[in-house]
2 protein chains.
Amino acid sequence: MTVLEERIRTDGVVSGEVLKVNSFLNHQMDIELFNEMGREFYRLFGDEGVTKLLTIEASGIGIACIAAQYFHTPVVFAKKNRSTNLSGDLLVTKVASFTHGTSYDVVVERAFLTPEDRVLLIDDFLANGAALAGLADLVRQAGATLVGAGVAIEKAFQPGGARLRESGLRVEALARIQRMRDGRIEFCSE
Amino acid sequence: MTVLEERIRTDGVVSGEVLKVNSFLNHQMDIELFNEMGREFYRLFGDEGVTKLLTIEASGIGIACIAAQYFHTPVVFAKKNRSTNLSGDLLVTKVASFTHGTSYDVVVERAFLTPEDRVLLIDDFLANGAALAGLADLVRQAGATLVGAGVAIEKAFQPGGARLRESGLRVEALARIQRMRDGRIEFCSE
């Protein structure tokens, strides 16, 4: 998706293997860009009968909410750790955090993912794939149908995307980064 | 806002002083309802020259992103605790959590709140007002103009709303709960 790639090149900040897109994607959020991303997710997955978008707090929520306007579905966001506001029957999975070197529980109330649901996962970043694998596990536990995953940015030089696709999941990334070197970004599309 | 009050009465679950609106507001999210809320926030604050919506992770993000489509502004969400993805010059404030009996840092990169900004705070709940007071403090630290706060649900029987209004902040709540008794909800509008 050219518009996102151009934005990453213009406003992304590369430092080693870290790509900061804080100014438009996951701290300050450009809602017009999110609308273009939402339209593109719908172009890719619009014929899949999606009934629900599933994301994980916090930075996936904005993208998923804007995208949901094209799908006309609710959004469910999985919570990190059990909150006192959650109760009843919970779906729980464990996600390893490479960033923080720990692992944490990811939780969804069972009532919001049912066997009738056709679920599209949405997130901002795909690198090691741990968050998406956790969300996919929650969908499986719910007995729902997993339609695929739409992510804004994939770091294709990290193993998450390949692993998820090998597992049979359809993964669509709007911008796929081949490598980052000396502060320069190369996209797979180039 | 009648449509939100009706939805709370239909789908909210009261247990003591806890109101669960997980099925449409802060776990599963009804994006059509969010659009009605966004339009209402714009009706209330649309003539204030708002340049930025500021919310706090996680459950304010969806509401703010949908509302931003009416204001044509970016959204910034404040992060709880310093993340490894934040760097540079940070605005930090401390927020007491009544739910968890602790306090935590709330952080925004200074680059995303400037003295030129006219900021509207957005959140899902107003009870003790600690989160909104923290966001207001970040706006002050940035030297930006604080236009007001728009919240979905105010528990008017808790002290946050009165305190914030006494401090001079314009606070608009789309549904104000007078009291909850025996599982029944009474709104201030009644």
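Structure shown above.
Colleague: What exactly am I supposed to notice about the overall build of chain A here?
Modeller: Looking only at helices and strands, chain A features five helices and 11 strands. Per-residue burial over chain A gives 56% buried out of 190 residues. Long-range contacts, defined as pairs at least 24 residues apart, comprise 60% of the intrachain contacts of chain A with a sequence gap of at least 6. A total of about 7,800 Å² of accessible surface is found on chain A, and carbon and sulfur atoms cover 45% of it. The centroid of the 21 positive side-chain charges in chain A is displaced by 3 Å from the centroid of its 25 negative side-chain charges.

Colleague: Before we go on, may I ask you to explain the pairing of strand E5 (residues 75-80) of chain A in this structure?
Modeller: Of all six residues in E5(A), five are buried; the element is thus mostly enclosed. Of the strand pairs in this sheet, strand E4 (residues 52-56) of chain A and E5(A) are connected by four bridges, and their pairing is parallel. Bridge assignment links Thr55(A) to a residue of E5(A), and that residue is Phe77(A). Between the parallel elements E4(A) and E5(A), the chain passes through helix H3 (residues 60-71) of chain A in a crossover that is right-handed. In this sheet, strand E3 (residues 28-29) of chain B lies alongside E5(A) in antiparallel orientation, the contact comprising two bridges. Its bridge partner being in E3(B), Val75(A) is matched across the sheet by Met29(B). Taken together, the two bridges between E5(A) and strand E7 (residues 102-109) of chain A define a ladder with antiparallel strand orientation.

Colleague: What am I meant to see in the packing of aromatic side chains here?
Modeller: Two numbers describe a pair of aromatic rings. These are the distance of the centres and the angle of the planes. All names here are of chain A. With the rule as written, the count across this model stands at two aromatic pairs over all chains. With a centroid separation of 5.1 Å and 80° between ring planes, the pair formed by Tyr-42 and Phe-71 is classed as edge-to-face. Placement of the pair is Tyr-42 in helix H2 (residues 31-45) and Phe-71 in helix H3, with a sequence separation of 29 residues. Given the relative accessible area of 9%, Phe-71 is considered buried. Between the NZ or CZ atom of Arg-170 and the centre of the ring of Phe-45, over which it lies, the distance is 4.3 Å.

Colleague: So what exactly am I meant to see when it comes to helix H2 (residues 31-45) of chain B here?
Modeller: In this model, H2(B) (15 residues) spans 20 Å end to end at C-alpha, consistent with the 21 Å of a helix rising 1.5 Å per residue. Capping the start of H2(B) is the job of one residue whose side-chain oxygen sits 3.0 Å from the backbone nitrogen of Glu32(B): Asp30(B).

Colleague: Can you walk me through unusual backbone geometry in this structure?
Modeller: Negative phi characterises most residues that are not glycine, and trans characterises most peptide bonds. The linkage connecting Glu57(A) with the following residue, Ala58(A), adopts the cis geometry, with an omega of 0°. For Ala58(A), the position within the fold is in the loop between E4 and H3. For His72(B), which is not a glycine, the phi torsion comes out positive at approximately 55°. Within the secondary structure, His72(B) is located in the loop between helix H3 (60-71) and strand E5 (75-80). Overall, the relative accessible area of 64% leaves His72(B) in the exposed class. The backbone of Asp182(B) shows a phi angle near 50°, a positive value even though the residue is not glycine. Within the secondary structure layout, Asp182(B) lies in the loop between strand E10 (171-181) and strand E11 (184-187). Classification of Asp182(B) by relative accessible area gives exposed; the value is 78%.

Colleague: Would you mind showing me how to read the relation of the copies chain B and chain A here?
Modeller: Both copies of the chain are related through a single rotation about an axis accompanied by a shift along the same axis. For the pair chain B and chain A, the superposition axis carries a translation of 0.0 Å, the fit reaches an RMSD of 0.0 Å, and the rotation angle comes to 180°. Classification of the inter-copy transformation places it as that of a two-fold axis. Looking at the interface residues of chain B, 100% of them are also at the interface in chain A, so both copies use one shared face.

Colleague: In this structure, what is going on with the interface of chain B and chain A? I would like to understand it.
Modeller: Frequently, the measure chosen for interface size is the accessible area removed from exposure when the parts meet. Each partner contributes residues to the interface: chain B has 35 residues there, and chain A has 35 residues. When chain B packs against chain A, the two sides together hide about 3,000 Å² of surface, and 58% of this comes from carbon and sulfur. The tally of links from chain B across to chain A stands at two salt bridges. Residues Glu109(B) and Lys20(A) are paired through a salt bridge, measuring 3.3 Å at the closest nitrogen-oxygen approach. For the pair chain B and chain A, the number of links is 17 residue pairs in polar contact (both at pLDDT 80 or more).

Each value, and the rule that gives it
Residues numbered from 1 in each chain as written. Chains lettered and ligands numbered in written order. Predicted model: local features only at pLDDT ≥ 70, side-chain atom pairs only at ≥ 80, totals over all residues. Heavy atoms only, no water. Helix = DSSP H or I, 4+ residues; strand = E, 2+ residues; numbered from the N terminus. Buried < 20%, exposed > 50% of the residue type's maximum accessible area, 1.4 Å probe, protein only. Contact = heavy atoms within 4.5 Å. Areas by Shrake-Rupley, 256 points an atom, 1.4 Å probe, with all protein chains shown as cover. Lys, Arg positive; Asp, Glu negative; His and termini not counted. Charge placed at Lys NZ, Arg CZ, Asp CG, Glu CD. Pairing = 2+ DSSP bridges. Right-handed = clockwise from strand over helix to strand, strands pointing away. Phe/Tyr/Trp six-rings, centres within 6.5 Å; stacked < 30°, edge-to-face > 60°. Lys NZ or Arg CZ within 6 Å of the ring centre and 35° of its normal. Expected span 1.5 Å × (residues − 1). Polar contact = N/O pair within 3.5 Å; in protein donor to acceptor, adjacent residues only side chain to side chain. Least-squares fit on C-alpha atoms with pLDDT ≥ 70 in both. Buried area = accessible area lost by both parts, 1.4 Å probe. Salt bridge = Lys/Arg side-chain N within 4 Å of Asp/Glu carboxyl O.

These values are about where atoms sit, not about what they do.
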